[in-house]
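Coordinate analysis (summary)
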Amino acid sequence: MGVLVCGVVVLTLICQSHSLDGATNPLHRFKRYQESASSEPNDCTTRTRQPMVLSKSGNFSLDVRMPGVSPTASDTYLCVAVPVPTTRDAYIVDFEPHASMDTAHHMLLYGCRTPVSTTNYWDCGSVKGTCEDEASIMYAWARNAPPTRLPPDVGFKVGGKSRITYFVLQIHYGDVHAFSDHHRDCSGLTLRMTSKPQPFIAGMYLMMSVTTIIPPGNKVTNADVACTYNSYPIYPFAFRTHTHKLGQVVSGYRIRDGKWTLIGRQTPQLPQAFYPATKGINVKYGDTLAARCVFTGEGRTTKTYIGGTSDDEMCNFYMMYYMESRHAAPFQECMEDGSKELFQNIPPEANVPITVPPEMMMHNMMHSAGAPSTPEHQDDMALLQPKREEEEVLDQEYHLEEVTDWPESPLQLGQVSGLALDSDDNLVIFHRGDHQWGVNSFDNSGKYQQQSLGPIQQSTILVVDPVKGSVLKASGRNMFYLPHGITTDKDNNYWVTDVALHQVFKLSSDGRDTPLVVLGEAFEPGSDKEHFCKPTDVAVDPVTGNVYVSDGYCNARILKFSPEGTYLSHWGAGSSDRRRRVQFRIPHSLVFLPDRRELCVADRENGRIQCFVAESGEFVKEIKKQEFGGEVFAISYAPVHGGLIYAVNGESAYGRSAPLKGFVINYSTKEILDDFSPENAQEFGMPHDIVVTKDGRVFVGDAATDSVLKFSSDKAEHRSVKKGGIEVQEIEETETIIQTRLKPQQRGEVAVAKVQIPVVTQQKTAELVQEQSQKPQQQEDDKETTLAKQSAQGVSPAVITTLLLIPLVVVISIGVLIRYRKNRMYGDGCEVKLEQTSSGGILGKLRGKAAGGLNLGNFFATHKGYTRQGFDRLSTEGSDQEKDDDNDTDSENEEYSAPPPPAGPSSSS
C-alpha cells in the first residue's frame, strides 16, 4: 500500500512539473499552438502549420497564419496569437507575407506579453482589441505592397528582455464577397529570425498631427509638426508618408543649427511604402525633427478633422531608423504642433504638391476593400514602386569608363548636337552633317545668315545599335540647317529643334520627311507664343504627352505645349519663384523625370541644374557644383538608386575653369557619386548631349570631335567579388579555371575566382590556359567577362588524397561539435529541424541575403480618438538572415558591417 501511495505522489509531482513547464516554456507553448491550430479540419491550415526551422548558424523561421477562417461580414477584424518560440533574445530580420489584396485588406503584426486570447482566433475589431498590455506594431502589409530592404546587421528584437513573448496577427477582411465560395483563409506571414545579437536595433519615429482642421474649399491647408530630439543618435534609412484623400505632399526634415535637411518628401497618393531617406543623415540630441503635410479642402462642404475613417484625414510622417543596441528605443513619436516662426524657414519644396496622374492614384486605398488589379494597373504601379536599398546606393566599385572599341565601325557624323533613346534602348543621334555653327552663322538679332547653303543633304537622324554601333535606320535628309536637340515620345516619334530655322518638329520614326507637328516660323526668331529664338531642346511627358521646349539662346524660358502643339504656358527661373532666382542664361538641355513628375533644366551659362514641377512650373530645387566650372551643357536622368542625374559640363567663354567631365549626381542629396571622361589621355572637346540607357550605359555626343562616346561601369564591376548568390560553373575535370558567376541585383555582373586544381594531364591544361589567354576581352554591354588564368602543376596522388581528406575530417568534426552544442541548447523535447541550404559545402557559406519583406504600420489606435480600424501601411523588406555564418569571407564581413554613418557634408546649391 505504501508503495502504491508513493507511486501516486511521484506521478502527481511529475504531472505538476510538466504542467508548470508547459506554462512557462515558450517552446511548449508554441507546440500547443501548433497542435490546437492544426486540429481544425482545414486543408490550408494543415498545409501551413510548419514547425520552427533552425539552421546551424542560429537562424530559424516561424509561420504566423490565420487558422482557416471564413468571415461572414465585411470589414471584419480577426486576430490570432502565436508565442515567441524562445526565452532568449531573438531578432526578426525578415518578414515574408503570404496574402493577396483580393482577400485581405491589410494585416498587422503586434508584439506584446499578454494577448487577449491564446487558444483560438477572435474578433479583435471590437472592444477586445489585440493585447491586454501595451502592444507594439512590428509589421504591416496591404495591397500586395512591394517591400524594400532592411540594412545589414539590423533587426527587430523579440523574446528575452524585450517584453515581447507573443505575436498577434491581425487581418482586416474588407469585402466579404471574396468568401462567396465559402473557402477558408490562411493568410499570414513567415518570420525569419536569428539568435545572433544584432549590433543595431531597428525602430520607428512617428511625427503625427492630431489637431489639424481642414476648412471646406480651402485650396491649401498646412499641418505642421515639430519636436526637439532628446535621445541617443539615430540613423534614418527610410521614410513613409500617410494621409487620406486630401493629402498632396508630406515632407520631413532635421533642423540643426538653423539648417533644414530633407529626410524625405513624397506624395501620399502613391503606394505608401517605405522610400529611401536622404543618404548619410543622422539625428542627435538637440536636433529638431519637423514635418509638414499639405492638404486641399477643395470639393469638401464641411470641415475635415484628423481621424481614422475614410471621411477623416491624417498627417503622418514615419521615419524608420537604426541605433546602437545598448541604446535601442524601438518606437518614438512626436505630436506637437510646430510654431509659425519655425516653419517660416521651411524649404519651399515642402509646399509644392507632387502631381500624380489620375490613372495612377490609389483612390480610397486606405479604407476600402481592394479590387483585383488589372495588368494595365500593375504596369502603372510598377513605375511607382519604392526603390530597393540596393538601388539607393551606388556600389563603391561603380565607375563609368569609356568603352574604347565602340563603335566597331566608324560613324560618319558631323557636329553631334543631340542624343536620344527609343523604346528599345537604341541610340538616336542628331547631327549637322557638313554644316557647322560658326561665328558667321547668325546676326545680332538671331537671324540665320547662311540659308544659301541649303538644308543638310545627309541623313541627320541615325538610329544606332547601342552594342555594336552599327546604323539601323537613317532619316532627316534635306530638312534641317542647324540641328540641336532631340527626344522621343512613347510612340517613338522624334521631337527635334533647329536653331537656324527657329522651329520645333515632330517627326515619325518611319523615315517620312513630312513633319507631324511644326512649331514656330521658319527663319523668323521671336519671343511670343508662336515664335522661338534658337530653341535648344525638347522633353515629352510620357503620360500626358505634353511637350516642353527650352528657348533658348535668345529667350530665357520654358514653353509648354499640348501633344498636338497647342500653347499651354511658359515660365522662366524667377517668374514663378518666390525667391526670385537669377533668370536662365541659355536653358540648353531638358529632361523629364517621370517618377517625380518634374522637369529639370541644364541652365548652361549659369552652371546649374534647376528642377520644376512640370505641371505648374513651380521651382523645386537647384544643383550647382564647383566641379561644373560654371557651365552645364546637358543632363539626363535614370529613375534608379533613388534617382540619378547624369550631366556634362562645358568650357566657359571666360576660359576653362574646370576639367570637362561627365557627372553622376544623386538627385535627393545633390552629391556627385561619380565623374568620368575619355581614356588614354584624351579629353572631351565639347560634350553637347548625354543619355543613359536602362542598363546604365552612358552615351555622350561631342560636337567638337564629331563623335559619340560610350561609357560603361562593367570594367569596375569586375575588379571585386560581390555577393548576392553564388553560382559555380566547372569547365571540365582536367581544367584549372573555375568561373564564379555572381547573380546581380540589377546589372549583369561577372567576376572570377582563381582556384588551383591538381590535374592529371599537364599538357591538356597548358593548352587550355594558352587558348584562354588568347581570347580577346569582350566589352559588349551585359556580356563582358574576365577570365583569370593560372597554370596548374602536377601533384602526386598521395598528396592529393591527403589534402582532400584533411578538410573533410575537420568539417565532420566541426559538424559533430555544433550538433552536440545545439542538442544541449534546445533539448530533446524541442520540435526543431535543420534548415536546408540552397547550396552545399563551401558554397553554403557564401549565401546571399534572404528574400522577403517587412511591413509596419497603423500606429494610431490609442491617440486622441484614433480608431483601431484605420489603415496605415509601411513596407520594409529585407534582411541578411544568413549573414552570421562564422566562416564568412572578408568581402562578406565588409558588406555586412554597418557602423553608424557619419553626417554627410552639406552640398552647395
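Keep in mind that what you see is a predicted model, and the values were worked out from it rather than measured.

What follows concerns the side chain of Arg65. Residue placement: Arg65 occurs in strand E2 (residues 59–65). Despite its burial, Arg65 pairs with no opposite charge, the nearest such side chain being Asp63 at 4.1 Å. Among the polar contacts listed, one links the side chain of Arg65 to the side chain of His98, at a separation of 3.4 Å.

For the rest of this paragraph, the subject is the nonpolar core. Core analysis: the biggest nonpolar cluster contains 44 residues, and Ile92, Leu109, Val158, Phe167 and Leu191 have the highest contact counts within it. Looking at this core element by element, the count peaks at 5 residues for strand E11 (residues 200–209). Setting aside residues no more than four positions away along its own chain, Ile92 makes contact with Met138, Gly155, Phe156, Val158, Phe167, Leu191, Arg192 and Met193. Ile234, Val250, Ile281 and Cys293 belong to the second-largest nonpolar core, a separate cluster that totals 27 residues.

According to the stated counting rule, one finds 6 disulfides in the structure shown. The disulfide that involves Cys112 links it to Cys131, with 2.2 Å between the sulfurs. Taking the sign of the S-S torsion, about -75° here, the bridge from Cys112 to Cys131 comes out left-handed. With Cys112 in strand E5 (residues 106–112) and Cys131 in the loop between strand E6 (122–123) and strand E7 (136–142), the pair connects residues that are 19 residues apart, well separated along the chain. For the pair Cys112 and Cys131, a shared accessibility class is recorded, and that class is buried.

Relative to the helices and strands, Val352 is located in the loop between helix H4 (340–343) and helix H5 (375–382). A residue is classified by how much of its surface remains accessible, and Val352, at 3% relative accessible area, is buried. Taking the C-alpha atoms as reference points, Val352 and Phe619, separated by 267 residues in sequence, lie 8.2 Å from one another. Setting aside residues up to four positions removed in sequence, Val352 forms contacts with Val249, Arg265, Val613, Glu618, Phe619 and Val620.

As enumerated under the stated definition, the model contains 17 salt bridges in all. Arg256 is the salt-bridge partner of Asp287, the closest N and O atoms lying 2.7 Å from each other. One end of the pair, Asp287, is in the loop between strand E17 (275–276) and strand E18 (288–295); the other, Arg256, is in strand E15 (residues 247–256), and 31 residues separate them in sequence. For the pair shown, Asp287 and Arg256 are each scored as buried.

For the rest of this paragraph, the subject is the confidence of the model for the protein. Mean pLDDT over the protein: 74, with 65% of residues reaching 70 or higher. Within the model, the stretch residues 8–24 combines pLDDT values under 50 with 7 contacts to residues more than four positions away or in other chains. Predicted confidence for residues 822–909 stays below pLDDT 50, and this span has 271 contacts to residues more than four positions away or in other chains.

Remark: a regular strand shows side chains that alternate across the two faces of the sheet. Burial of strand E21 (residues 331–334) is one-sided: the residues Gln332 and Cys334 facing one way are buried, the residues Phe331 and Glu333 facing the other way are not. Taken together, the 4 bridges between E11 and E21 define a ladder with parallel strand orientation. Considered in E21, the bridge of Met207 is made with Cys334.

Conventions and cut-offs
Residues numbered from 1 in each chain as written. Predicted model: local features only at pLDDT ≥ 70, side-chain atom pairs only at ≥ 80, totals over all residues. Heavy atoms only, no water. Helix = DSSP H or I, 4+ residues; strand = E, 2+ residues; numbered from the N terminus. Buried < 20%, exposed > 50% of the residue type's maximum accessible area, 1.4 Å probe, protein only. Lys, Arg positive; Asp, Glu negative; His and termini not counted. Salt bridge = Lys/Arg side-chain N within 4 Å of Asp/Glu carboxyl O. Polar contact = N/O pair within 3.5 Å; in protein donor to acceptor, adjacent residues only side chain to side chain. Core = buried A, V, L, I, M, F, W, Y, C linked by side-chain atoms within 4.5 Å. Contact = heavy atoms within 4.5 Å. Disulfide = S-S within 2.5 Å. pLDDT = per-residue confidence, 0-100. Pairing = 2+ DSSP bridges.

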